[in-house]
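# An overview of the molecular structure
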Amino acid sequence: MSTTEDTVPDGLMPADVLASSTPVAVYGFARAKAGKEQELEDAIRAIIPSVRAEQGYEQYSVHTTKEQPGAFAFYERWSSGPDIARHVQQPHMQDYFGKLADLVEGDLEAEWLWPLRD
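Residues numbered from 1 in each chain as written. Predicted model: local features only at pLDDT ≥ 70, side-chain atom pairs only at ≥ 80, totals over all residues. Heavy atoms only, no water.

## Focus: the sheet that holds strand β1 (residues 24–31)
If you trace the four strands from one edge of the open sheet to the other, you get β2-β3-β1-β4, paired in antiparallel fashion. Edge positions in the sheet fall to β2 (57–64) and β4 (109–113), since each of these pairs with one other strand and no more. Here the strands of the sheet are splayed against their neighbours by 15° on average, with no regard to which way each runs. On top of the sheet, helix α3 (residues 81–89) reaches β1, β3 (71–78) and β4; it is set at about 130° to β3, its chief contact. (Pairing = 2+ DSSP bridges. Helix = DSSP H or I, 4+ residues; strand = E, 2+ residues; numbered from the N terminus. Axes fitted to C-alpha atoms, helices over the stretch in contact; angles between N-to-C directions. Contact = heavy atoms within 4.5 Å.)

Following this line, the structure appears as structure tokens:
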């Protein structure tokens, strides 16, 4: 996983997401390196309360499965692009991103989602 100077993973957020004035959501997936499953889970659990207290937070859910220990699926929804941009710059997120290279196998996967309009 490559990172920028501020430790946010490169290419994590496309420009159209950052510019959005409407809600944005992301489905993400990460798999822990062998032997790092609990350490990754602990790092994820540590940021959840802080994330849920942030401006623009609408939903932040993390799931795992008994069949694949160390596999984590994330669903986040933010009120706007600037809200999620501010989110990744928070000190708790900078610390979290800084740990991921040692904990995550491969790159983080992210699929950006847009709400359907009537």
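## Some remarks on the pattern of salt bridges
Tallied over the entire structure, the rule returns five salt bridges. A salt bridge links K99 to D95; the nearest nitrogen and oxygen atoms lie 3.3 Å apart. Placement of both K99 and D95 in helix α4 (residues 91–103) is noted, with a separation of four residues, approximately one turn of the helix. By relative accessible area, which is 44% here, D95 ends up partly exposed. (Salt bridge = Lys/Arg side-chain N within 4 Å of Asp/Glu carboxyl O. Buried < 20%, exposed > 50% of the residue type's maximum accessible area, 1.4 Å probe, protein only.)

## Comments concerning the environment of Q68
One can find Q68 in the loop between β2 and β3. Q68 gets classed as partly exposed once you look at its relative accessible area, which sits at 36%. In this structure the C-alpha to C-alpha distance between Q68 and R31, which are 37 residues apart in sequence, comes to 8.9 Å.

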